[in-house]
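Read off the chains here:
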Amino acid sequence: MVDFDPRKKRSGPSRPHPRFENGQLADWIPGVALAAGITILATAMLTSPMASGIGCDIKGNVSTTGERIFHVPGQEYYRETIVSPLRGERWFCSEEAAREAGWRKAYR
């Protein structure tokens with residue numbers, strides 16, 4: 001058993017683990033924490049009812065210029081439009097909800 005009580009005086013010189021010398025551990029931890037946070041956020045976004053489109057069939061798409069456009073079933077590019085929540089895109093349950101959120105209807 002190893003005793004990790006910091007109040008106890010240790011005998012002999014303390015040596016860092018060879019894999020984490022020179023602050024490597026300190027550099028590694030924030031990256032892992034960020035990746036874990038992004039994974040948790042992405043999972044939450046992709047599994048929410050609005051993100052998955054369950055019961056909601058209006059696709060909210062962000063154009064290359066940043067314009068927010070929604071597509072309804074039957075429109076010309078509806079089938080080709082992919083909703084990517086990580087880009088700020090989302091599903092809507094009604095045209096009214098899309099307009100209230102600041103999105104405009106696709107022209108075709």
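What you see is a predicted model; the values in this text were computed from it and never measured.

Definitions and limits used
Residues numbered from 1 in each chain as written. Predicted model: local features only at pLDDT ≥ 70, side-chain atom pairs only at ≥ 80, totals over all residues. Heavy atoms only, no water. Core = buried A, V, L, I, M, F, W, Y, C linked by side-chain atoms within 4.5 Å. Buried < 20%, exposed > 50% of the residue type's maximum accessible area, 1.4 Å probe, protein only. Contact = heavy atoms within 4.5 Å. Pairing = 2+ DSSP bridges. Helix = DSSP H or I, 4+ residues; strand = E, 2+ residues; numbered from the N terminus. Lys, Arg positive; Asp, Glu negative; His and termini not counted. Salt bridge = Lys/Arg side-chain N within 4 Å of Asp/Glu carboxyl O. Polar contact = N/O pair within 3.5 Å; in protein donor to acceptor, adjacent residues only side chain to side chain. Disulfide = S-S within 2.5 Å.

Comments concerning the nonpolar core
Consideration 1: With seven residues, the main nonpolar core is built from Ile58, Val62, Phe70, Val72, Phe92, Ala98 and Trp103.
Consideration 2: For Trp103, the residues in contact, after removing those within four places along its chain, are Gly60, Asn61, Val62, Arg68, Ile69, Phe70, Gly88, Glu89, Arg90, Phe92 and Ala98.

Observations concerning the sheet that holds strand β1 (residues 58-62)
Consideration 1: Ordered in space as β3-β1-β2-β4, the four strands form an open sheet in which the pairing is mixed. Only two strands of the sheet have a single partner each, and these edge strands are β3 (90-92) and β4 (104-105).
Consideration 2: Relative to β3, β1 is paired through three bridges, and the arrangement is antiparallel. Its bridge partner lying in β3, Lys59 is registered against Trp91.

Thoughts on the side chain of Lys59
Consideration 1: Considering the arrangement of structural elements, one finds Lys59 in strand β1.
Consideration 2: An unpaired buried charge is present at Lys59: no salt bridge exists, and Glu80, the closest side chain of opposite charge, is 7.6 Å distant.
Consideration 3: A polar atom in the side chain of Lys59 sits 2.8 Å from the backbone oxygen of Tyr78.
Consideration 4: A polar contact of 2.9 Å, which involves the side chain of Lys59, links it to the backbone oxygen of Thr81.
Consideration 5: With residues near it in sequence (within four places) discarded, Lys59 still touches Ile69, Phe70, His71, Tyr78, Arg79, Thr81, Val83, Arg90 and Trp91.

Some words on the state of the cysteines
Consideration 1: Across all of its chains, the model carries one disulfide by this definition.
Consideration 2: Covalently, Cys56 is tied to Cys93 through a disulfide, its sulfur atoms 1.8 Å apart. Linking Cys56 in the loop between α2 (49-52) and β1 with Cys93 in the loop between β3 and α3 (95-100), this pair joins segments that are 37 residues apart in sequence.
Consideration 3: According to the relative accessible area criterion, Cys93 is partly exposed, its value standing at 46%.

Some thoughts on the pairing of β1
It is a general feature of regular strands that their side chains alternate between the two faces of the sheet.
Consideration 1: The element β1 is extensively covered by neighbouring structure, given that five of its five residues are classed as buried.
Consideration 2: Burial along β1 is two-sided: the residues Ile58, Gly60 and Val62 and Lys59 and Asn61 are all buried.
Consideration 3: In this sheet, strand β2 (residues 68-71) lies alongside β1 in antiparallel orientation, the contact comprising four bridges. From the neighbouring strand, Asn61 faces β2, where its bridge partner is Ile69.
Consideration 4: Linking β1 to β2, which pair antiparallel, is a turn of five residues; within it Gly66 sits at a positive phi near 95°.

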